[in-house]
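An overview of the molecular structure
Chain by chain, the residues run as shown.
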Amino acid sequence: MRVAFIGLGVMGFPMAGHLAKAGHDVRVFNRSTGKTQQWLAEHPGAAGATIAETAQGCEAVALCVGNDGDVRDCLAELLPAMAAGGVVIDHTTTSAKLAREAAAQARDFGRWFVDAPVSGGEAGAKNGTLSVMAGGQPEGFAKAEPVMGAYAKAIKQIGGPGAGQLAKMVNQICIAGVVQGLAEAVHFAKAADLDTDAVLEAVSKGAAQSWQMDNRWKTMVEDRFDFGFAVDWMRKDLGLVLDEARANGASLALTAMVDQFYADIQAMGGRRWDTSSLAARLERK
């Protein structure tokens, strides 16, 4: 399949690489041309000088950009250029409102739009083991699923347009609470002068076990936060969550509190630290 991939950041770069490895005819675009040249040096494919040129005639166009505005700008260029009946697969984490608008816009052009935010972080993108939460019409999802299979181990259609973004918000709510709980647990273990390795071994096989515990306990203990999903990105995502909650009436007291804790991390200079840096807020006071 001829596939365009727009956005070669931390996630998009390896995701586009998996598409090339799977045998797709891949065209890439990134605002920073250095990233584009690096990708072309490592993978078979081509690059366009513009988004429209990159998407020209493509049956699928994947997006992994920054925010709602970036997606809108991309759609204005790529929808008229891509193949009739093709599908836009948006891996950007955006508002559900944007996803619904984009789906309607795509229909006007005779294209499909699938909002498909991902979970699994940089490691999942590199290893091709992402989880995808998708929203959109069944016909569009059917076209998008084989493409996403190149870099995802789990792909689930949640519902119609916007449902994928709402599911990603559920994901971020879960992560916010779990990471804060883990940060406090590490902080408490240190304050109690416990052997943190022994504590991890004791509690990680029971009800306290989580992905965050398995992958972030030791790095929290070691005060290392130089990998993973950045605090700036998490605050963007939690902002979307809290906006949606204000609209639908959901009560998210814990999420709102953790969002403010991440604001404290930003004020400490940790904008690019990963989300487990909630531990640093407790240890570096």
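Structure first, text after, so check above.
Here's a quick rundown of the structure. (Residues numbered from 1 in each chain as written. Predicted model: local features only at pLDDT ≥ 70, side-chain atom pairs only at ≥ 80, totals over all residues. Heavy atoms only, no water.)

Re the overall build of the chain
What counts here: Helix and strand definitions follow DSSP, with helices as H or I runs of at least four residues and strands as E runs of at least two, each counted in order from the N terminus. Throughout, radius of gyration means the C-alpha value; the globule benchmark is 2.2 Å times the number of residues raised to the power 0.38. For every residue, the accessible area obtained with a 1.4 Å probe (protein chains only) is divided by the maximum for its type, and the residue is called buried under 20%, exposed over 50%, and partly exposed between those limits.
Looking only at helices and strands, one finds 13 helices and nine strands in the chain. Expected size for 285 residues packed as a compact globule is a radius of gyration near 19 Å; at 20 Å, the chain falls within 12% of this value. Principal axes of the C-alpha set define a box for the chain whose edges measure 65 × 45 × 35 Å. Residues classed as buried in the chain amount to 49% of the 285 residues present.

Quick look at helix 10 (residues 211-221)
Here is the rule we go by: The contact definition used throughout considers only heavy atoms, calling two residues in contact when any of these lie within 4.5 Å.
For helix 10, the complete set of buried residues consists of Gln212, Met213, Arg216, Trp217, Thr219 and Met220. On its buried side, helix 10 packs onto helix 8 (163-191), helix 9 (196-203) and helix 13 (278-283). Count one or two residues on from helix 10 and you reach aspartate 223, which has phi positive near 60°.

Quick look at the packing of helix 11 (residues 231-248) against helix 12 (residues 253-267)
Just so we agree on the cut-off: Under this scheme, a helix contributes an axis fitted over its contacting stretch, all axes are lines through C-alpha atoms, and angles between N-to-C directions fall in the 0 to 180 degree range. By the definition adopted for this analysis, an angle is roughly parallel if under 35 degrees, roughly antiparallel if over 145, roughly perpendicular if from 65 to 115, and oblique otherwise. By the definition used in this description, the sense in which the near helix is turned from the far one sets the handedness, with an anticlockwise turn below a right angle giving left-handed and a clockwise turn giving right-handed. Amino acids outside the nonpolar list (Ala, Val, Leu, Ile, Met, Phe, Trp, Tyr, Cys, Pro) and the charged list (Asp, Glu, Lys, Arg) are all regarded as polar, and Gly is one of them.
Between helix 11 and helix 12, the shortest axis-to-axis distance is 10 Å and the interhelical angle comes to 150°. Between helix 11 and helix 12, the interaxial angle falls into the category roughly antiparallel. Read as a crossing pair, helix 11 and helix 12 show a hand that is left-handed. For the pair helix 11 and helix 12, contact is made by Val231, Asp232, Met234, Arg235, Leu238, Val241 and Leu242 and by Thr255, Ala256, Asp259, Gln260, Tyr262, Ala263, Ile265 and Gln266, respectively. For the contact of helix 11 with helix 12, the class distribution of residues is nine nonpolar, three polar and three charged.

Brief notes about the side chain of glutamine 165
One can find glutamine 165 in helix 8. Apart from residues no more than four positions distant in its own chain, glutamine 165 is found in contact with Thr92, Thr93, Thr94, Ser95, Ala96, Ala99, Asp115 and Pro117.

Comments concerning unusual backbone geometry
For aspartate 193, which is not a glycine, the phi torsion comes out positive at approximately 60°. With respect to the element layout, aspartate 193 can be found in the loop between helix 8 and helix 9. Even without being a glycine, aspartate 223 presents a positive backbone phi close to 60°.

Take it as geometry only, folks, not as evidence of what the structure does.
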